[in-house]
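Listed below, chain by chain, are the residues.
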Amino acid sequence: MARLAKYDVISIEDLSTGEIEQIFALADKFAAALESGTPSAIAAGLIMATLFYEPSTRTRLSFESAMHRLGGAVISSADMQASSAAKGESLADTVRVVSAYADLIVVRHPYDGAARVAAEYAPVPIINAGDGSREHPTQTLCDLYILRRKKGRLKGLTVALCGDLKFGRTVHSLIYALARFGANIVAVPYGGMNVPDYVLERVAAERNYNFSTVSIDELKSQAGGLDALYLTPSAPHQMALFTGEMPLERMPSARPPAALDAFYVTRLQRERLAEKDRAQAGFALFDARALRTSRAQEAVVMHPLPRTDELAYELDSDPRAVYFEQAAAGVPVRMALIAWMLEHRERPAAPAARIEPTLVFKGEPEPRCVNPACVTRHEGPYLHPRFRLARSANRALLSLRCEYCERELRVEFVGHATARRYYRFDENLYGYVRQWIDEGSLAVFETVKQAEESGYEPYRRGPQREIMNAAEIAAACNTIAVQIIADVADPTALALVGVISHGTMLALRLRGLIEAQTGVRAPCAALDVYGGDTAIHTIEGGADFDVNGRTIVLVDDVINSGWTVQRAMTALWHRGRPAAVKLAVLIDRGHRALPIRPNYVGRSIPTARAERVQVRLGPAAAAGEPRRAPDRVVVYSLVESLKEPESPA
Ligand code: NCD
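First, a word on scope: everything that follows refers to the structure included in this document. (Residues numbered from 1 in each chain as written. Predicted model: local features only at pLDDT ≥ 70, side-chain atom pairs only at ≥ 80, totals over all residues. Heavy atoms only, no water.)

Okay, the environment of Ser-83 next. One can find Ser-83 in the loop between β2 (73-77) and α3 (91-98). Remark: the alpha-carbon pair of Ser-83 and Leu-51, spanning 32 residues in sequence, is separated by 9.7 Å. (Helix = DSSP H or I, 4+ residues; strand = E, 2+ residues; numbered from the N terminus.)

The structure is reproduced here in structure tokens:
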């Protein structure tokens, strides 16, 4: 029996242009065979599994139909809510298990980069049937196949992409492919639904490709619309749309207006919008009027489907409407992909050159991806974020690119893992950072506090002064404990949550003081504001820390902008519904950027922004141990990074 090689199709970029041509040639054959009723058995004995964690009609059914048509068999979990995923099984475990039941797995998943994770863990090939808002490569194969059949070519075509270009994964894969085949793109997004930067940067960096964006109104209006579409010959794939107001000197190289070859309309991806944005998000109806402009006479109308309210039914009878043909192409094109995988047992070298190596972070903390829909934020403890240096050539900004979802993380503070020094990143450090990457000694931090909590010292600091000594800290803790007891009617409903690490130490001290006075030992938890969804850990007692119905006192050492508290509140709300949340801080610096006011304050100390307040507490020394350094709070000024950082060696 034929077996498939481990050839994953996660991105349309995993297939070379030549490979796509081969697949299309096979699709032509299968389309003809389907037409004439000639059966195929080339996949006899093979089993395909379809794992769909999101709804699907076309993609799953056409994949399954394709496999049946090739004589293969299909096992399916169309609703992963009815599978072990509902019990909390990880994606990695599921695909490893299913690999024992099938020779090929087709996955659709709500998280960006999920298909890549599946490919890393499954020994059998994975085909991405849509991962969050990232990519949907086989839809692009169908789109290109129909577009080429209708227009006879792809090179030089002009395609208007309309709709939700931000979350539309079919659009992202299509952009990469159109750029590669030398077609021109005009982006026509719904308000706020522009093509994401990471997609634009990718085609710019890898294909030297750019395209312009126009508003729907411009597109619709005769004056600023398609009659004014120009190609600039200096850069063949650069498209600009000039309105009547555009000064003439801005278009010296303009050639006669180009015709539009296709509209690719997409629905608003409502399920990927936050609740609050859903009501406001707008869409535009694409109807027959859009085809009446002279430049659009020959344009075909495409849509990956399903349509909701953005594509008028009146277009269905227009011969230029090809969306049902796109959907129908799903079978021969997916048959062709499977057949092609059967023919190509040897995986050739990856087509896209890996420009930057994966970064290795030896020291804690591991940076996390900024994209809340990134698979690394959801797939629990086994999946570690992975980054490369971003493609940007700007040496004044340090950005890392997530390997799973491709979003960029801007880094403000960097450190050297052996020297244990941190710096605010600037252009002068770029060369050093490259060197630290090569040595594997780069550390990155979201804040100064995170750097210091991780045991890093500033590269240089100004003179420091003590603002609280051990006795003053003890007195402040006492005052806070007394206030909490006076405030909280029922001490048994109280629970303390300390922000790691000094907030946690303070929370434990407050608990001791409260217990001494009331006899009630409140549950206590540690909260890691950099820890994502699994941020709260019970400190002791074994049982899961329960926030529901409790009066939570959130404890931190210093409050400044309020950013940490905001993150901590989000983590608490993830965990449950407390009756009340109060905030206790040892020091209030008063530089609030957010409307947050602590309920209990040890001391208010107005400080300059460039100053750093550092609370130094130690755990109580056990009997027989040497005396630890006394508790103290110090203030020092941060000296920004210098031209020449001292050699970390
Ligand atoms: C698309 C998808 O799921 O991304 N549908 C499809 O596969 N044909 C488009 C969409 O849902 O809007």
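Continuing now.
The next point concerns the side chain of Asp-112. Here Asp-112 is to be found in the loop between β3 (104-109) and α4 (114-121). By relative accessible area, Asp-112 is classed as buried at 1%. Among the polar contacts listed, one links the side chain of Asp-112 to the backbone nitrogen of Ser-133, at a separation of 2.8 Å. Excluding residues within four positions of it along the chain, Asp-112 makes contact with Asp-131, Gly-132, Ser-133, Arg-134, Asn-371, Ala-373, Cys-374, Val-375, Tyr-404, Cys-405 and Arg-407. (Buried < 20%, exposed > 50% of the residue type's maximum accessible area, 1.4 Å probe, protein only. Polar contact = N/O pair within 3.5 Å; in protein donor to acceptor, adjacent residues only side chain to side chain. Contact = heavy atoms within 4.5 Å.)

Strand pairs in the sheet, formed through backbone hydrogen bonds, run parallel or antiparallel to each other. Ordered in space as β12-β13-β14, the three strands form an open sheet in which the pairing is antiparallel. Taken across any chain shown, the strands that pair with only one partner, and hence form the sheet edges, are β12 (387-389) and β14 (408-411). On average, each strand axis in the sheet is inclined to that of its neighbour by 35°, with strand direction left out of account. Bridging between strand β13 (residues 398-402) and β14 involves four bridges; their strand directions are antiparallel. (Pairing = 2+ DSSP bridges. Axes fitted to C-alpha atoms, helices over the stretch in contact; angles between N-to-C directions.)

Applying the stated criterion across every chain, the model contains 33 salt bridges. Across the salt bridge formed by Arg-148 and Glu-21, the nearest N and O atoms sit 2.9 Å from each other. Here the residue Arg-148 occupies a position in helix α5 (residues 137-151), and Glu-21 occupies one in helix α1 (residues 17-36), the gap between them amounting to 127 residues. With a closest N to O distance of 3.2 Å, Arg-60 and Glu-64 form a salt bridge. Pair noted here: Arg-60 and Glu-64 are both in helix α2 (residues 58-69), with a separation of four residues, about one helical turn. (Salt bridge = Lys/Arg side-chain N within 4 Å of Asp/Glu carboxyl O.)

This structure, assessed with the given rule, holds nine aromatic pairs. With 5.3 Å between their ring centres and 90° between their planes, Tyr-121 and Tyr-382 make a pair best called edge-to-face. Highlighted residues: Tyr-121 in helix α4 and Tyr-382 in the loop between α10 (323-343) and β12, separated in sequence by 261 residues. Exposure remark for Tyr-382: the relative accessible area of 22% places this residue in the partly exposed category. Each ring, one from Phe-445 and one from Tyr-456, has its centre 4.8 Å from the other, and the planes form 65°; the classification is edge-to-face. Placement of the pair is Phe-445 in strand β17 (residues 442-445) and Tyr-456 in the loop between α12 (448-453) and β18 (457-458), with a sequence separation of 11 residues. In terms of burial, Phe-445 and Tyr-456 fall into one category: buried. Aromatic rings pair up to connect Tyr-423, Trp-436 and Tyr-459 into one cluster. Positioned over the ring face of Tyr-176 is Arg-202, at 4.5 Å from the centre of the ring. In this structure, Arg-307 is placed above the aromatic ring of Tyr-313, and the distance from its NZ or CZ to the ring centre is 3.6 Å. (Phe/Tyr/Trp six-rings, centres within 6.5 Å; stacked < 30°, edge-to-face > 60°. Lys NZ or Arg CZ within 6 Å of the ring centre and 35° of its normal.)

It is worth spelling out the environment of Met-335 at this point. Tracing the backbone through its elements, the reader meets Met-335 in helix α10. Relative accessible area serves as the criterion here: at 3%, Met-335 is assigned to the buried category. Along the chain, Met-335 and Met-67 lie 268 residues apart, while their C-alpha atoms are 6.6 Å from each other. Met-335 has contacts with Phe-30, Leu-34, Ala-66, Arg-69 and Leu-70, leaving out every residue within four places of it along the chain.

Bringing the pairing of strand β23 (residues 551-559) into the picture now. Looking down a regular strand, the side chains alternate between one sheet face and the other. Of all nine residues making up β23, nine are buried, and the element is well covered by its neighbours. Judged from the five bridges that link them, strand β20 (residues 494-499) and β23 form a sheet pairing that is parallel. Bridge pairing in β23 places Leu-494 opposite Thr-551. Crossover β23 to strand β24 (residues 580-588) through helix α15 (residues 563-575) is right-handed. (Right-handed = clockwise from strand over helix to strand, strands pointing away.)

We now examine the nonpolar core. Within the largest apolar cluster, 68 residues are counted, with the highest numbers of intra-cluster contacts made by Leu-147, Leu-161 and Ile-175. Of the residues forming this core, the biggest block, 11 residues, is contributed by α10. Taken together, domain 1 (12-132 + 339-343) and domain 2 (137-318) each give at least three residues to this core, which thus spans both. Formed by 45 residues, the second largest nonpolar core is a distinct cluster that contains Ala-49, Ala-114, Leu-398 and Val-414. (Core = buried A, V, L, I, M, F, W, Y, C linked by side-chain atoms within 4.5 Å. Domains from an automatic or database assignment.)

Our focus in this paragraph is α15. Its 13 residues place the ends of α15 19 Å apart at the C-alpha level, agreeing with the 18 Å of an ideal helix rising 1.5 Å per residue. Among all positions in α15, only Thr-564, Val-565, Ala-568, Ala-571 and Leu-572 are buried. The buried residues of α15 occupy an angular sector of 120° when projected down its axis, which confines them to one face. Buried residues belonging to α15 abut β20, β21 (524-527), β22 (536-538), β23 and β24. (Expected span 1.5 Å × (residues − 1). Arc of directions from axis to C-beta.)

Turning our attention to the sheet that holds β23. Pairing within the open sheet is mixed, and its six strands lie in the order β22-β21-β20-β23-β24-β25. On the outer flanks of this sheet lie β22 and β25 (600-604), each paired with one strand and no other. Across the sheet, the mean angle separating the axes of adjacent strands is 25° when strand polarity is ignored. As defined by bridge partners, β20 adjoins β21 across four bridges and the pair is classed as parallel. Looking across to β21, one finds that Val-497 is bridged to Ala-525.

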